[in-house]
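# A structural walkthrough
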There are 2 protein chains.
Amino acid sequence: MQRTIGIITEYNPFHNGHLYQIRQVKKQFPNAPLVIAMSGNFLQRGEPAIIDKWHRAAECLANGADLVMELPLMAAVQPADRFAYYGVWTLAQMGVTDLFFGAEHAEFDFMHDAHKAIEIIGNFNQYHESFAKTYQQVVTEKVGHPVDQPNDLLGLAYAKANLKLKAGINLHPIQRKNANYHDIELNDAGTIASASAIREALHRQNQDFEKFVPQQTAHDLKMQRLVSWNDFWMHLKMELLTHSAQELEKIYGMAEGIQYRMIAMAQRSEFAGNFDSWIKAVKNKRFTYTRLSRLATMTLLHISWDDVASFESRPYLRVLGFSKKGQAVLHEAKKNCDYPIITNVSQDEKKGILRIDYRAGKVYQAVCGNEQDLKHAPVMTVK
Amino acid sequence: MQRTIGIITEYNPFHNGHLYQIRQVKKQFPNAPLVIAMSGNFLQRGEPAIIDKWHRAAECLANGADLVMELPLMAAVQPADRFAYYGVWTLAQMGVTDLFFGAEHAEFDFMHDAHKAIEIIGNFNQYHESFAKTYQQVVTEKVGHPVDQPNDLLGLAYAKANLKLKAGINLHPIQRKNANYHDIELNDAGTIASASAIREALHRQNQDFEKFVPQQTAHDLKMQRLVSWNDFWMHLKMELLTHSAQELEKIYGMAEGIQYRMIAMAQRSEFAGNFDSWIKAVKNKRFTYTRLSRLATMTLLHISWDDVASFESRPYLRVLGFSKKGQAVLHEAKKNCDYPIITNVSQDEKKGILRIDYRAGKVYQAVCGNEQDLKHAPVMTVK
């Protein structure tokens with residue numbers, strides 16, 4: 001059987017840990033094409049990517065990936081379960097047979113656990129703090145061991161999506177090395193640091209970051225305008241100052257009247273100085289930092305419940321780049337795929353199916369300076 | 001009969017020409033109180049004021065004014081006729097008996113002309129370029145002489161408002177001196193230059209501006225963060241990038257599908273670099289620069305047709321500052337006035353009647369740094 005490998009990721013930025021993961025894949029399947037499902041310019045945790053999707057796609061293509069698919073914003077900026085679902089869905093559409101992912105406990109049998117945990121989701125209709133805790137408790141009860149680390153939870157979500165989609169993808173958890181997600185300081189002992197540690201170093205203008213990323217990433221990080229929530233805070237603040245609570249109700253994810261609190265804190269100068277102090281002032285038990293960050297992204301981009309419902313009723317696939325091998329995968333996938341696969345953005349798509357991603361691209365472009373969608377052909381490598 | 005003098009103005013900034021006008025008033029009515037109806041932080045031509053309303057109010061109070069009333073944003077950011085109407089209405093509510101204003105032709109009998117021109121307005125329901133031209137033609141026909149200079153036209157609008165409101169205010173046109181509205185270069189010969197010439201000098205960081213403004217204005221212009229459309233352009237652009245044409249239809253003044261053009265030009269990087277290049281790209285025969293600037297202000301602040309309709313059905317008066325003499329005028333006016341007179345902004349007003357001005361203040365504050373409405377008592381002088 002011809003294998004096609006998949007990875008679901010954000011590459012924010014693409015670093016040596018990601019490269020290590022690709023090399024693990026290549027060791028096991030030296031000739032199989034590698035498909036990446038990657039978030040675009042806004043990420044799962046509700047923050048802008050540090051550099052744009054085109055540079056991140058090119059970085060992984062230069063380091064062994066064959067086909068890079070963008071997770072549409074409305075699929076990417078979502079709680080872990082939904083993000084995982086669209087990631088697996090995207091890979092399945094591309095004919096992926098084997099999914100690799102990092103896990104704190106690579107020894108878990110994720111498919112086995114997924115069978116036991118499959119019906120849990122849906123009992124909790126809000127993604128607040130107590131939901132996360134309750135969810136972990138119920139999962140632990142059902143599967144018989146604690147699943148409470150971020151990558152393990154994501155792994156379980158992939159497995160559940162795999163079941164639901166009847167995708168029959170083989171899962172390959174890889175034990176995470178040297179750096180865990182919560183590291184802040186760069187790890188001087190090795191060449192692997194977490195993405196958040198690398199971003200932190202960049203924001204402190206610490207040049208040490210170079211030893212933790214492949215050459216092309218280092219180049220991009222030096223040449224590109226790095227983007228963070230600080231760049232968008234004033235725009236989000238303006239949106240909050242100029243729209244009524246009633247208008248903001250239609251923003252995707254708005255619930256329990258939290259918009260009143262979002263507006264009130266944006267009006268108070270002691271909290272409204274930057275994104276971080278604002279979000280900490282808004283935060284409460286039911287709205288965690290991450291849930292609010294996602295909501296802030298949806299508010300910044302003015303994305304409504306209707307927009308997301310319309311995406312969910314007709315999801316699509318977006319190509320960011322490919323190698324020759326990746327092109328063949330794409331070619332094959334197009335034969336069987338019932339959903340739109342967008343390679344070049346036309347005026348019709350800009351105004352139609354892709355309008356929210358186009359919008360997000362324009363907002364991101366206003367800071368980073370690079371055109372994001374129209375007139376942007378996929379990145380092609382000649383390997 | 002006790003006289004109360006009124007002036008309708010923007011003081012952007014308060015300069016020697018304005019001081020000269022106040023001295024003309026004082027020469028004729030040395031003891032009469034002087035009431036100013038002044039735009040707030042956004043002005044008639046759809047631009048932000050160079051310094052905030054509180055500083056501008058204090059400047060004129062320090063130079064002979066007795067009571068400063070703010071024209072609410074929805075009264076100020078309007079075509080000349082409507083701006084003039086609310087200006088006269090405000091002064092009439094304060095018991096003003098005599099209105100002074102600059103005119104290119106002080107010899108015109110404005111009340112006489114107003115009687116002849118009173119029914120003209122309303123025949124043209126859009127404020128496009130051809131409207132302005134047609135309006136001037138019809139006025140010329142009706143009154144028997146050309147009225148085509150900006151201050152003469154404003155004078156005629158005051159006179160028409162005076163008639164409509166049956167306010168019985170005496171009009172005192174003053175011949176404009178030394179500088180006309182369209183001057184760009186500072187006039188080295190004298191101490192009077194137009195407000196636009198002074199702003200131009202400030203933006204070029206030309207220190208010569210000091211000889212054209214009273215001491216307090218010079219101090220404010222040196223100490224305050226000067227504000228211009230450049231400060232708001234990126235926020236307006238974000239609003240245009242993230243809202244659909246259908247949503248923008250509800251913005252006050254939106255007509256003829258111009259929002260499609262506003263959005264399209266904000267998406268195109270060759271025009272979207274700054275406010276001026278964007279507005280010049282959007283401009284057409286039916287939407288002049290000034291009409292678009294007002295529309296841009298309404299879009300930036302997300303003010304709807306409903307907001308303006310609700311203001312018009314229940315207008316209000318706002319006090320920015322007073323001298324002892326002005327306080328007496330205010331005290332007297334409160335006895336007869338049927339409309340809300342707001343002196344200190346409470347939480348109720350912030351969320352209710354004053355919500356749009358509060359919003360505009362918060363947006364302006366995000367740039368200038370000074371709290372604008374809540375916790376801001378009127379400026380009081382001890383004269």
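Only a predicted model underlies this, so the values are computations on that prediction, with no experimental measurement involved.

Bringing the overall build of chain A into the picture now. Helix and strand counts for chain A come out as 18 helices and eight strands. A compact globule built from 383 residues should have a C-alpha radius of gyration of about 21 Å, and chain A, at 20 Å, falls within 12% of that. Principal-axis analysis of the C-alpha atoms gives chain A an extent of 60 × 50 × 50 Å. Across the 383 residues of chain A, 59% fall into the buried class. Considering only contacts in chain A between residues 6 or more positions apart, those separated by 24 or more positions represent 75%. The averaged location of the 41 negative side-chain charges in chain A is 2 Å from the averaged location of its 44 positive side-chain charges.

A word on the relation of the copies chain B and chain A. When chain B is fitted to chain A, the residual RMSD is 0.0 Å, and the transformation amounts to a turn of 180° plus an axial shift of 0.0 Å. Expressed as a symmetry operation, the mapping of one chain copy onto the other fits a two-fold axis. Relative to the rotation axis, the closest C-alpha in chain B is found at His235(B), a distance of 2.8 Å.

Below, the discussion takes up helix α15 (residues 305-313) of chain B. Residue and element names in this part refer to chain B. Within the sequence span of α15, burial applies to Asp307, Val308 and Phe311. The buried side chains of α15 occupy one side of the element, clustering within an arc of 95° when seen end-on. Counted as exposed and oriented over 90 degrees from the buried face of α15: Asp306 and Ser313. Each element contacted by the buried residues of α15 is listed here: α3 (73-76), α4 (80-93) and α18 (355-368).

In this section: the side chain of Asn12(B). Along the chain, Asn12(B) turns up in the loop between β1 (5-9) and α1 (16-28). Each residue touching Asn12(B), except ones within four places of it in the same chain, is listed here: Leu43(B), Glu47(B), Ala49(B), Ile50(B), Ala195(B) and Arg199(B).

All names here are of chain A. Looking at the secondary structure, you find His15 in the loop between β1 (5-9) and α1 (16-28). Taking the C-alpha atoms as reference, His15 lies 20 Å from Gly155; in sequence the two are 140 residues apart. Setting aside residues up to four positions removed in sequence, His15 forms contacts with Ala193, Ser194, Ala195, Ile198, Phe212, Val213 and Pro214. Among the polar contacts listed, one links the side chain of His15 to the backbone nitrogen of Gly17, at a separation of 2.8 Å.

Side chains bearing opposite charge may pair, as long as their charged atoms lie close to each other. In this structure the tally under the stated criterion is 34 salt bridges over all chains. When the shortest N-O distance is used, the salt bridge between Asp81(B) and Lys160(B) registers 3.6 Å. Of this pair, Asp81(B) sits in helix α4 while Lys160(B) sits in helix α7 (residues 150-164), and the two are 79 residues apart along the sequence. Residue Arg355(B) is joined to Asp307(B) by a salt bridge in which the shortest nitrogen-to-oxygen separation is 2.7 Å. Residue Arg355(B) is located in helix α18, and its partner Asp307(B) is located in helix α15; the two are separated by 48 residues in the primary sequence. On the basis of relative accessibility, which here comes to 32%, the residue Arg355(B) falls in the partly exposed class. It is possible to trace a salt-bridge network through shared partners that takes in Lys53(A), Glu70(A), Arg318(A) and Asp373(A).

All right, on to the packing of helix α10 (residues 229-242) of chain B against helix α12 (residues 258-267) of chain B then. Residue and element names in this part refer to chain B. Two numbers describe how α10 lies on α12: the axes approach to 9 Å, and their chain directions differ by 110°. Accordingly, the angle class assigned to the pair α10 and α12 is roughly perpendicular. Seen from above, α10 lies across α12 with left-handed handedness. Contacts from Lys237, Leu240 and Leu241 in α10 reach Met262, Ile263, Ala266 and Gln267 in α12. Here the contact of α10 with α12 is composed, by residue class, of five nonpolar, one polar and one charged.

So, on to unusual backbone geometry. Residue Pro13(A) follows Asn12(A) across a cis peptide bond; omega there is 0°. Topologically, Pro13(A) is positioned in the loop between β1 and α1. Despite not being glycine, Glu256(B) shows a phi value in the positive range, around 55°. For Glu256(B), the position within the fold is in the loop between α11 (245-248) and α12.

Another aspect to go through is the state of the cysteines. All names here are of chain A. Inspection of the entire model under this criterion finds zero disulfides over all chains. Cys368 carries a free sulfur, and the closest cysteine sulfur to it, the one in Cys60, is 18 Å from it. Using a relative accessible area of 10% as the deciding quantity, one classes Cys368 as buried.

This brings us to the interface of chain B and chain A. Facing the 25 residues of chain B at the interface are 25 residues of chain A. Summed over both partners, the interface of chain B with chain A buries about 2,100 Å², with 57% contributed by carbon and sulfur atoms. Together, His235(B), Thr242(B) and Gln267(B) form the three largest contributors to the area buried by chain B at its contact with chain A, with a combined 27%. Between Lys250(A) and Glu247(B) there is a salt bridge, with the nearest N and O atoms lying 2.6 Å from each other.

It helps to recall that an α-helix has 3.6 residues per turn; residues three or four apart then point in one direction. Residues and elements named next belong to chain A. Most of helix α8 (residues 195-203) sits inside the fold, with seven of its nine residues counted as buried. On its buried face, α8 is in contact with α9 (215-223). Positive phi appears at Gln205, one or two residues downstream of α8, with a value of about 55°.

The next subject is the pairing of strand β6 (residues 317-322) of chain A. Residues and elements named next belong to chain A. With six of six residues buried, β6 is to be regarded as a mostly interior element. Bridge count for strand β3 (residues 67-71) against β6 is four bridges, and the pairing is antiparallel. Paired with Leu67 across the two strands is Phe322, which belongs to β6. The pairing of β6 with strand β7 (residues 341-342) spans two bridges and is parallel. Looking across to β7, one finds that Arg318 is bridged to Ile342. Considered for its hand, the β-α-β crossover made up of β6, helix α16 (residues 324-336) and β7 is right-handed. Bridge count for β6 against strand β8 (residues 379-380) is two bridges, and the pairing is parallel.

With that settled, the discussion passes to the confidence of the model for chain A. Atomic detail in the predicted coordinates should be set aside for any region of low pLDDT. Mean pLDDT for chain A: 91, with 93% of residues reaching 70 or above. The low-confidence segment residues 181-190 of chain A, where pLDDT is below 50, has 29 contacts with residues more than four positions distant or belonging to other chains.

Attention now goes to the domain arrangement of chain A. Residues and elements named next belong to chain A. Domain assignment breaks chain A into domain 1 (5-223) and domain 2 (229-306). Of note, the centres of domain 1 and domain 2, computed from C-alpha atoms alone, are 26 Å apart. Each partner contributes to the roughly 1,500 Å² buried at the junction of domain 1 and domain 2, and carbon and sulfur atoms together form 61% of this total. For the pair domain 1 and domain 2, the number of links is zero salt bridges.

Let us now look at the pairing of strand β2 (residues 34-39) of chain A. Residues and elements named next belong to chain A. Judged by how many residues are buried, β2 sits mostly within the fold: six of six residues are covered. Of the two faces of β2, the one carrying Leu34, Ile36 and Met38 and the one carrying Val35, Ala37 and Ser39 are both buried. Direction of pairing for β1 relative to β2: parallel, over a ladder of five bridges. Across the sheet, residue Ile5 finds its bridge partner in β2, namely Leu34. Chirality of the crossover, the property in question, places the unit of β1, α1 and β2 among those that are right-handed. Where β2 meets β3, five bridges bridge the pair, whose relative direction is parallel. Following the sheet pairing, Ala37 is matched in β3 by Met69. As for the winding sense of the linkage, the β-α-β connection from β2 through helix α2 (residues 53-61) to β3 is right-handed.

Rules used in this analysis
Residues numbered from 1 in each chain as written. Chains lettered and ligands numbered in written order. Predicted model: local features only at pLDDT ≥ 70, side-chain atom pairs only at ≥ 80, totals over all residues. Heavy atoms only, no water. Helix = DSSP H or I, 4+ residues; strand = E, 2+ residues; numbered from the N terminus. Rg over C-alpha atoms; globule rule 2.2 N^0.38 Å. Buried < 20%, exposed > 50% of the residue type's maximum accessible area, 1.4 Å probe, protein only. Contact = heavy atoms within 4.5 Å. Lys, Arg positive; Asp, Glu negative; His and termini not counted. Charge placed at Lys NZ, Arg CZ, Asp CG, Glu CD. Least-squares fit on C-alpha atoms with pLDDT ≥ 70 in both. Arc of directions from axis to C-beta. Polar contact = N/O pair within 3.5 Å; in protein donor to acceptor, adjacent residues only side chain to side chain. Salt bridge = Lys/Arg side-chain N within 4 Å of Asp/Glu carboxyl O. Axes fitted to C-alpha atoms, helices over the stretch in contact; angles between N-to-C directions. Parallel < 35°, antiparallel > 145°, perpendicular 65-115°, else oblique. Left-handed = near helix turned anticlockwise from the far one by under 90°. Nonpolar A, V, L, I, M, F, W, Y, C, P; charged D, E, K, R; others polar. Disulfide = S-S within 2.5 Å. Buried area = accessible area lost by both parts, 1.4 Å probe. Pairing = 2+ DSSP bridges. Right-handed = clockwise from strand over helix to strand, strands pointing away. pLDDT = per-residue confidence, 0-100. Domains from an automatic or database assignment.

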